[in-house]
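Remarks on the overall topology
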Amino acid sequence: MGRARRSASDPPSALLIGPYDPHCGEFTFLAPPLGVWRLAGVLEAAGIETKVFDPNCCREPPQRALERELLSGAWDIVGVSTTGMTLRFDLELAHIVRRVTPEAFIVGGGMEATFRPELMFELGPFDLIVLGEGERPLLDLVARRRAGLPLGGIAGTAERNKEGQIIRIPQRALSRDELRDAIYSTPYDKMPYSAYWERLESAYRIGALPSKAAREAHLAEIRSVRLITLNYCPMGCTFCSSTNFLHEAQGSVASLARLEADECLTMIERIVAAHPRVRTIIFQDDIFVFTRDRRILPLCDGIIEAKRSGRIPPHLQFISTNRIDAMTAPRLTAMKRAGFRVLGFGIENFSPGVLGEFNKAQIHRHIEPVLSTALASGVTPFLDLILSSPHATLEDVCQTLREAYRWLRQGCEIGMYPYVIPFSGSALARDPNLLPHTHYARRHVAGTGIFWQQPVKILPIDPAVSDAILRMERSFEAMLGPLEQQVAHLPSRLRSLLWILSSLPIMAERGQYIADENEVLAQLYARLPAPHPEAAPIAAASA
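A short tour of the structure in this document, coming up. It should be emphasised that the depicted structure is a prediction, and the values quoted were computed from it without experimental measurement.

Put simply, the second largest pocket is a space of about 480 Å³. Along the wall of the second largest pocket there are 23 residues; nearest its centre are Asp54, Asn56, Cys57, Cys58 and Arg59. Counting only elements with at least two residues in the lining of the second largest pocket, the list comes to strand S2 (49-53), helix H2 (62-71) and helix H8 (193-204). When residues of the lining of the second largest pocket are assigned to their parent elements, the largest contribution, 4 residues, is made by H2. For the lining of the second largest pocket, the per-class residue count stands at 13 nonpolar, 1 polar and 9 charged.

In summary, soluble globular proteins display a tendency toward joint burial of nonpolar side chains. Grouped together as the largest cluster of nonpolar side chains are 114 residues, with contacts concentrated most on Phe340 and Leu383. Among the elements that make up this core, the one with the highest residue count is helix H18 (residues 492-509) (9 residues). Every residue in contact with Phe340, bar those within four places of it in the chain, is listed here: Phe283, Phe288, Cys300, Ile303, Phe318, Ile319, Ser320, Met335 and Val379. Counting residues in hydrophobic clusters, the runner-up holds 32 residues, among them Trp75, Ile96, Leu119 and Leu123.

Here we take up the packing of aromatic side chains. As enumerated under the stated definition, the model contains 10 aromatic pairs in all. Taken together, a centroid distance of 5.9 Å and an interplanar angle of 70 degrees make the contact between Tyr20 and Phe89 edge-to-face. Taken as a pair, Tyr20 in the loop between strand S1 (13-17) and helix H1 (34-45) and Phe89 in helix H3 (residues 87-100) lie far apart in primary sequence, 69 residues in all. We classify Tyr20 as buried; its relative accessible area is 8%. Among the residues examined, Phe89 registers a relative accessible area of 12% and is labelled buried. Taken together, the ring pairs in this structure connect Phe283, Phe288, Phe318 and Phe340 into an aromatic cluster. Just above the ring of Tyr184 sits the side chain of Arg270; from NZ or CZ to the centre is 4.6 Å.

Parameters at a glance
Residues numbered from 1 in each chain as written. Predicted model: local features only at pLDDT ≥ 70, side-chain atom pairs only at ≥ 80, totals over all residues. Heavy atoms only, no water. 1 Å grid on protein atoms, 1.4 Å probe; cavity = no way out; pocket = protein on both sides within 12 Å on 5 of 7 lines; lining within 4 Å. Points joined across faces, edges and corners; volume = space filled by probe spheres on them. Helix = DSSP H or I, 4+ residues; strand = E, 2+ residues; numbered from the N terminus. Nonpolar A, V, L, I, M, F, W, Y, C, P; charged D, E, K, R; others polar. Core = buried A, V, L, I, M, F, W, Y, C linked by side-chain atoms within 4.5 Å. Buried < 20%, exposed > 50% of the residue type's maximum accessible area, 1.4 Å probe, protein only. Contact = heavy atoms within 4.5 Å. Phe/Tyr/Trp six-rings, centres within 6.5 Å; stacked < 30°, edge-to-face > 60°. Lys NZ or Arg CZ within 6 Å of the ring centre and 35° of its normal.

Next up, the structure:
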């Protein structure tokens, strides 16, 4: 049982639990949960004692650490953040909260909770679900709970009435000024970035790297801090749910809001002050530079001046994700001068047909010139790719594999997924015509008798393409296992080479040449952060 409830005169308190990824970054960024910490900062600023429990950064099993945390205090509310990919693990923690502290008022939030509150009530021990941004609902909830007022009817929540019906109460998205104030409240000085850096440095075996240049390159990648300056992506890609997150909570189209250039600089300086060892700031926005963007050039000028005046270190670098059709030569030059070393592009696919299916047909003509210009300017493009779509042909898949390998050899970094993941709230996940091609996995919430069927992949409608993708997935997993035993951390760039390697014999059977196997293996070994394993086991697994 938890500690006895404190008196009404005690300050209100909240325990916020981040998403739980026991696979160490497979489903989430290996970094402190930024949205949860922002909420904590807003609650603290309102005089609410708040603590963040990060299950991915524990020195003991997270379940045991959570029990210890729950028993250490009497919390007015316990918030559990959820994502689709980590849901079964998030629910496990929620049930631990209910078991250890039966009197706790448990609130679920996050992407999955917003789109599927009915599932949260069915599978979890939640008293209330937050829809969309949590700042206003949690402030209102804590105030009411401490005052002994009814907890129903809070804007931005879903509740279950006595008849078991789910009642959704929408809320408007944070205004631009409210978003700025929330971001400003993020307590970067309390966020355990150093603990994450130590884990990653151990995983990359930094001390064993043969040269100072290699060590410095990996440290620049590892010692990063994340910053969000935008409330949501408006692009409407059919595979994506984040574009609909605030719309779902508001019940209508939410207005865009983001920080101005000077406000971004304010946050950069705060991050450097809180974490002096930081090498890279990653702008976590789904889109950092828009086509009609008045912020990026003044921001680059401001960063250069801040470095010149000593307000931020000259070695500080930046990473952002951007619309590829928003990149111009002057913007790329300015970003390079300011220290942007990697620019992410959600290209998704190299086939015009698949891009049309993803609602991204307009970007196709920009891919070749922008990637070429970026590489020529000394900026590394990072490409996010989905190999197949529901209506993809075998040639679509092969085209993307070939182009991915071509750009990888030219210097691009690549993250690759074999098929569309049916994220709750995305257009493709909601398409009833794709239900026959949606595959499910039986999920279990550890420590309970709760099971459910969760959609995990949308396969191509064409049986031949679907078969090829599934065979590639099996081959990829067979190769991944031995490598993971030899290398503590396999970043997406290595996994992408494994996907390409896995495709070679399968596509060759269908008369499609992708790349030379020995050459792909050489590319893989050159990037491994450990002594090279023997080639034979990997090559055999791809046969």
